[in-house]
Amino acid sequence: MKEQRRSQGDLFEPTTLPAELPLGVRTTLTPLLQLLLVEAAAQGTREENGDRIGKEDGNDQDYV
């Protein structure tokens, strides 16, 4: 049997650029992406400040 090897692409090798989004799609997605990024940043800030709403520390097992 003939041995087949696959080569892994270089992570630093330039690749083809993604296609440009049509203007209508870009206009619709831009505010949604901005909102998502703001929410993610706020979530990260809450976690850094120790605000753990609905989360418990410790072990949930019942000990007798």
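To be clear, the structure that these remarks concern was listed above.
Asker: Where do I start with the overall build of the protein chain in this structure?
Answerer: For the protein chain, the helix and strand inventory stands at 1 helix and 0 strands. When the 64 residues of the protein chain are sorted by exposure, 0% land in the buried category. Of the roughly 7,200 Å² of accessible surface on the protein chain, a fraction of 56% belongs to carbon and sulfur atoms.

Asker: How should I be thinking about the pattern of salt bridges in this particular structure?
Answerer: Opposite charge on two side chains lets them pair, provided their charged atoms get close. The final tally for this structure, using the stated rule, is 1 salt bridge. Note that Arg26 and Glu20 form a salt bridge whose closest N and O atoms lie 3.4 Å from each other. For Arg26, a relative accessible area of 43% translates into the label partly exposed.

Conventions we followed
Residues numbered from 1 in each chain as written. Predicted model: local features only at pLDDT ≥ 70, side-chain atom pairs only at ≥ 80, totals over all residues. Heavy atoms only, no water. Helix = DSSP H or I, 4+ residues; strand = E, 2+ residues; numbered from the N terminus. Buried < 20%, exposed > 50% of the residue type's maximum accessible area, 1.4 Å probe, protein only. Areas by Shrake-Rupley, 256 points an atom, 1.4 Å probe, with all protein chains shown as cover. Salt bridge = Lys/Arg side-chain N within 4 Å of Asp/Glu carboxyl O.

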